[in-house]
There are 2 protein chains.
Amino acid sequence: MARWEPDAYGRLRDAALSLFIEQGFEKTTVAQIAERAGLNRRTFFHHFADKREVVFAGQGEADALIATEIRAQPDSVGPLHAAAAGLKLLARSTEQYREGAVKLGPVIAASPELQERELAKRADLAGTIAAALRERGTADQTAVIAGWAAVAAFFVARNRWNQPANRRTLAGLIDESLEQFVSAAVTPGDSTAGPGVPDGHGLLDPLR
Amino acid sequence: MARWEPDAYGRLRDAALSLFIEQGFEKTTVAQIAERAGLNRRTFFHHFADKREVVFAGQGEADALIATEIRAQPDSVGPLHAAAAGLKLLARSTEQYREGAVKLGPVIAASPELQERELAKRADLAGTIAAALRERGTADQTAVIAGWAAVAAFFVARNRWNQPANRRTLAGLIDESLEQFVSAAVTPGDSTAGPGVPDGHGLLDPLR
């Protein structure tokens, strides 16, 4: 084996995801991941803080981009839609990974450990959004609530996007879930499900 | 000591909270809590699953009441306000514990372990609300987003309510944060903080 490892990160990630899908997250060890990638444990920990981080790799790095996109929205755009603009930027860079996300859905749904980490990632993302909204003048309380609502819209959309039969873009699904929420939240009546709601239950979101 | 322990639950809770406030959450052991309460470890674990549960005790038991209150809202009430009605029921039963909540605020803010548990409790509460909203006819996606938005409004309010100088009720603060959010989320402009926003930053919410 060459001393320089070409794309160790990608090989480790592919090996880990294959193993998680084959035998589940909890049963997979870092040693197994490294072995399948033809690398060693030390190389694994050079690239990932722990086994859980493989699943969420790259997510945190998007924070700065999301915040910049939110701050770049014109004043005429309200906080929820400014937040959505940031999340759609994230969505567009995620689109190419749908195949892997389809396979990861059941892995996350089956693992309390991964759900716990996803919850922490959601809180980070909500905090990033709230901070960006405050910087463009949104009142503190509203920024926090809008951050959590936007993140919920993102994950609702993600959990439809990563269904095997889905053919729509993540950004399009984010728009749909947010518009539905905004219209239902402000109209007084609530006794019927609005149009454009193809699926009721059964979405893969253990955290909803 | 009598064989029957009068109000073991309350004594353990009081002892635990005093110790958390005096020496921090992480440094406090279950043995210390039991000793201060004049009880033993076994009695502690009869009442609480672990040390973290003392801080959140009783919160889970409110689920059924919240869901019932949400389902009882007339059809004319939208999902966010129906969710708020459930949370205000919880708020009213919490009002009498403000003194303890003021002391607990910094304890939670200083403990990553407690923040993690609080995040899990938020997810549970959001799920309870979403399920109740679905039962009254709210579309699935909107129910999930409304659940998270309402929970965010609750915690934003809670983190103002548990400030030492606060004199307002938790229910009143929930109403205020939700109304502010609803008006800001739907009005196009967002360049200025609205009225009725006395505090900007510095709220004790490590999870925002």
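- For chain A, the name recorded in an unreviewed UniProt entry is YvdT-like transcriptional regulator, with Actinoplanes friuliensis DSM 7358 as its organism.

1. Topic: the overall build of chain A
Argument step 1. Along chain A, the regular secondary structure elements total 10 helices and 0 strands.
Argument step 2. Along the chain direction, N to C, the helices and strands of chain A fall in the order α-α-α-α-α-α-α-α-α-α.
Argument step 3. Per-residue burial for chain A yields a buried fraction of 54% across its 208 residues.
Argument step 4. A separation threshold of at least 6 residues defines the contact pool for chain A, and within that pool the share at least 24 residues apart is 66%.
Argument step 5. In the form shown here, chain A has an accessible surface area of approximately 9,300 Å², with 54% of it arising from carbon and sulfur atoms.

2. Here's the deal with the pattern of salt bridges
Residue and element names in this part refer to chain A.
Argument step 1. Considering all chains together, one arrives at 25 salt bridges over all chains under this definition.
Argument step 2. Its salt-bridge partner being Arg-168, residue Glu-176 comes within 2.8 Å of it at the nearest N-O pair.
Argument step 3. Within the structure, one salt-bridge network assembled from shared partners comprises Asp-50, Glu-53, Arg-117 and Lys-121.

3. Structural notes on the nonpolar core
Argument step 1. The biggest cluster of nonpolar side chains holds 88 residues, and the ones touching the most others in it are Leu-80, Ile-129 and Phe-181 of chain A together with Leu-80, Ile-129 and Phe-181 of chain B.
Argument step 2. When neighbours within four sequence positions are excluded, Phe-181 of chain B is seen to be in contact with Leu-80, Thr-142, Ile-145, Ala-146, Ala-149 and Phe-181 of chain A together with Leu-80 and Ala-149 of chain B.

4. Quick word on helix H8 (residues 112-135) of chain B
All names here are of chain B.
Argument step 1. Over its 24 residues, H8 runs 35 Å from end to end, which matches the ideal 34 Å to within 8%, given 1.5 Å per residue.
Argument step 2. The buried count for H8 comes to 17 of 24 residues, which makes it a mostly enclosed element.
Argument step 3. One or two positions beyond H8, positive phi appears at Gly-137, with a value near 105°.

5. Here's the deal with the packing of helix H9 (residues 140-161) of chain A against helix H9 (residues 140-161) of chain B
Argument step 1. Close contact between H9 of chain A and H9 of chain B brings their axes to 8 Å; oriented N to C, the two are set at 155°. One element, H9 of chain A, and the other, H9 of chain B, form an angle in the roughly antiparallel class. Where H9 of chain A crosses over H9 of chain B, the two elements pack in a sense that is right-handed. Side by side, H9 of chain A and H9 of chain B meet where Gln-141, Val-144, Ile-145, Trp-148, Ala-149, Ala-152, Ala-153, Val-156 and Arg-160 of chain A of the first sit next to Gln-141, Val-144, Ile-145, Trp-148, Ala-149, Ala-152, Ala-153, Val-156 and Arg-160 of chain B of the second.
Argument step 2. Within the contact of H9 of chain A with H9 of chain B, the residues separate by chemical class into 14 nonpolar, 2 polar and 2 charged.

6. Overview of the confidence of the model for chain A
Argument step 1. Overall, the predicted model of chain A reaches an average pLDDT of 86, with 85% of residues at or above 70.
Argument step 2. In this model, residues 189-204 of chain A is a region of pLDDT below 50 whose contacts with residues beyond four sequence positions or in other chains number 39 contacts.

7. Some words on the environment of Val-151 of chain A
Residues and elements named next belong to chain A.
Argument step 1. The topology assignment puts Val-151 in helix H9.
Argument step 2. A residue is classified by how much of its surface remains accessible, and Val-151, at 1% relative accessible area, is buried.
Argument step 3. The sequence separation of Val-151 and Ile-174 amounts to 23 residues, and the corresponding C-alpha distance is 9.7 Å.
Argument step 4. Setting aside residues up to four positions removed in sequence, Val-151 forms contacts with Leu-87, Arg-122, Leu-125, Ala-126 and Ile-129.

8. Some remarks on the packing of helix H7 (residues 98-109) of chain A against helix H8 (residues 112-135) of chain A
Residue and element names in this part refer to chain A.
Argument step 1. Axis separation between H7 and H8 bottoms out at 7 Å; the angle between their running directions is 105°. As summarised for this structure, H7 and H8 are arranged roughly perpendicular, according to the angle between their axes. Every residue of H8 that contacts H7 at Val-107, Ile-108 and Ala-109 is listed here: Leu-114, Gln-115 and Glu-118.
Argument step 2. Residues of the contact of H7 with H8, tallied by class, amount to 4 nonpolar, 1 polar and 1 charged.

About the criteria used
- Residues numbered from 1 in each chain as written.
- Chains lettered and ligands numbered in written order.
- Predicted model: local features only at pLDDT ≥ 70, side-chain atom pairs only at ≥ 80, totals over all residues.
- Heavy atoms only, no water.
- Helix = DSSP H or I, 4+ residues; strand = E, 2+ residues; numbered from the N terminus.
- Buried < 20%, exposed > 50% of the residue type's maximum accessible area, 1.4 Å probe, protein only.
- Contact = heavy atoms within 4.5 Å.
- Areas by Shrake-Rupley, 256 points an atom, 1.4 Å probe, with all protein chains shown as cover.
- Salt bridge = Lys/Arg side-chain N within 4 Å of Asp/Glu carboxyl O.
- Core = buried A, V, L, I, M, F, W, Y, C linked by side-chain atoms within 4.5 Å.
- Expected span 1.5 Å × (residues − 1).
- Axes fitted to C-alpha atoms, helices over the stretch in contact; angles between N-to-C directions.
- Parallel < 35°, antiparallel > 145°, perpendicular 65-115°, else oblique.
- Left-handed = near helix turned anticlockwise from the far one by under 90°.
- Nonpolar A, V, L, I, M, F, W, Y, C, P; charged D, E, K, R; others polar.
- pLDDT = per-residue confidence, 0-100.

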